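Chain residues, written in single-letter form:
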Amino acid sequence: MVGMVAAIGFVLLQTARRWPENPTTPAERINALLPQTQCGQCGYPGCRPYAQAIVEGTADIDQCAPGGDALVVALSRLLGRSPAKLDRNYGHPQPLAVARIDEAACIGCALCIAACPTDAILGASRFTHTVIRSECTGCELCVAPCPVDCIVLEPLSDAEVNANLQAAACH
């Protein structure tokens, strides 16, 4: 029994030496700065693939419209590049927002659920849908597929913006 415990302890010690406490790759550091809207405006299916493309050199740091010019500056500092401005071909920065569904007008078609990249919409076919505000990134991908135009984007309050920033800092 003592030998088995010693062997397990040895394996754990070797594992701890190989993997430091804070294994942060360049892509993870870039991804941590991105707004996590998963909107695809940058040309990639989400923030993590965009971060990886920046590391690989297949994407530039100026493609994230939700992050705006402030993100481009932060990325240029992180990567030691010259500061640039957002490439407006990828969209225009707007205030942070969340979707809201007018539940009285919702017909339960579920097209918005299929379009939501963060699973922030709760509902089922032929039933009223609702948005989980804490999960919604305001990417707008649910708005266009809605056949009855019952989805609108509402700006986040200052308290919600601050809460989101604090939550992002914890990750």
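Reading the values: rules and limits
Residue positions within a chain follow its written sequence, with the count starting from 1. Given that the model is predicted, a residue must reach a pLDDT of at least 70 before its local features are reported, and side-chain atom pairs must reach 80 or more before they are shown or counted; all residues, however, enter totals for whole chains, interfaces and linings. Side-chain measures were taken over the full set of non-hydrogen atoms in the model, leaving aside hydrogen atoms and water. Put simply, DSSP H or I for four residues or longer makes a helix, DSSP E for two residues or longer makes a strand, and each gets a number counted from the N terminus. Here the expected span of a helix is defined as 1.5 Å times the quantity of residues minus one. For each residue, the accessible area found with a 1.4 Å probe, counting protein chains only, is set against the maximum for its type, and the residue is called buried under 20%, exposed over 50%, and partly exposed in between. Working note: the arc is built from the helix axis to C-beta atom directions. Two residues form a contact once any of their heavy atoms are found within 4.5 Å. Only residues above 30% relative accessible area that lack a salt bridge enter a patch, with like-charged residues linked at up to 9 Å and the nonpolar side chains Val, Leu, Ile, Met, Phe, Trp and Tyr linked at up to 5 Å. In short, Shrake-Rupley with a 1.4 Å probe defines the accessible areas, and a residue's cover is counted only from the protein chains shown. By convention in these notes, a salt bridge is any Lys or Arg side-chain nitrogen within 4 Å of a carboxyl oxygen on Asp or Glu. Put simply, buried Ala, Val, Leu, Ile, Met, Phe, Trp, Tyr and Cys residues joined by side-chain atoms within 4.5 Å make one nonpolar core. When two rings of Phe, Tyr or Trp (its six-membered ring) have centres within 6.5 Å they constitute a pair, described as stacked for plane angles under 30 degrees, edge-to-face for angles over 60, and tilted for the intermediate range. Fitted lines through C-alpha atoms give the axes, limited to the stretch in contact for helices. The angle between two N-to-C directions lies from 0 to 180 degrees. Roughly parallel means an angle under 35 degrees; roughly antiparallel means over 145; roughly perpendicular covers 65 to 115; every other angle is labelled oblique. Helix crossings are classified by the rotation of the near helix relative to the far one: an anticlockwise turn of less than a right angle makes the crossing left-handed, while a clockwise turn makes it right-handed. Each residue gets one of three labels, nonpolar for Ala, Val, Leu, Ile, Met, Phe, Trp, Tyr, Cys and Pro, charged for Asp, Glu, Lys and Arg, and polar for the others, Gly among them.

Caption draft 1: Structural detail: helix α4 (residues 68-79). Taking 1.5 Å per residue, 12 residues should reach 16 Å; α4 reaches 17 Å between its end C-alpha atoms and fits that length. When α4 is considered as a whole, its buried residues turn out to be G68, L71, V72, L75 and S76. One side of α4 holds all its buried residues, which, seen down the axis, span an arc of 135 degrees. Across α4 from its buried face, at more than 90 degrees, point the exposed residues A70 and R77. The inward-facing, buried residues of α4 abut α2 (26-33) and α3 (47-56). G80 sits one or two positions beyond α4 and adopts a positive phi of about 70 degrees.

Caption draft 2: Looking closely at a nonpolar patch on the surface. On the surface, a cluster of nonpolar side chains totalling about 210 Å² of accessible area is made up of L33, L78 and L79. Its relative accessible area of 35% is what places L78 among the partly exposed residues.

Caption draft 3: Representation of the nonpolar core in the model. The biggest cluster of nonpolar side chains holds 16 residues, and the ones touching the most others in it are I30, L34, Y50, I54 and L75. Not counting chain neighbours up to four residues away, the residues in contact with Y50 comprise L34, C42, Y44, A59, D60, I61, D62, Q63 and C64. C116, A120, C150 and I151 belong to the second-largest nonpolar core, a separate cluster that totals 15 residues.

Caption draft 4: Region of interest: unusual backbone geometry. Its identity is not glycine, yet D119 carries a phi of approximately 55 degrees, on the positive side. Owing to a relative accessible area of 61%, D119 belongs among the exposed residues under this scheme. Phi angles above zero are rare outside glycine, and R126 is one such case at about 70 degrees. Residue position: R126 is located in the loop between β2 (121-122) and β3 (130-131).

Caption draft 5: Spotlight on the packing of aromatic side chains. Within this structure, the stated rule accounts for 1 aromatic pair. A centroid spacing of 5.9 Å and a plane angle of 35 degrees characterise the contact between Y44 and Y50, whose relative ring orientation is tilted. Take Y44: its relative accessible area is 21%, and that puts it in the partly exposed class. Of the residues examined, Y50 reaches a relative accessible area of 1% and is grouped as buried.

Caption draft 6: Here's a closer look at the packing of α2 against α3. Look at α2 against α3: their axes get within 8 Å of each other, and the N-to-C directions meet at 130 degrees. The angle between α2 and α3 places the two elements in the oblique class. Relative to α3, α2 is oriented so that their crossing is right-handed. Across the interface between the two elements, P26, A27, E28, I30 and N31 from α2 touch C47, R48, A51, Q52, I54 and V55 from α3. Its residues assigned to classes, the contact of α2 with α3 comprises 7 nonpolar, 2 polar and 2 charged.

Don't take any of this as a statement about function, it's just geometry.
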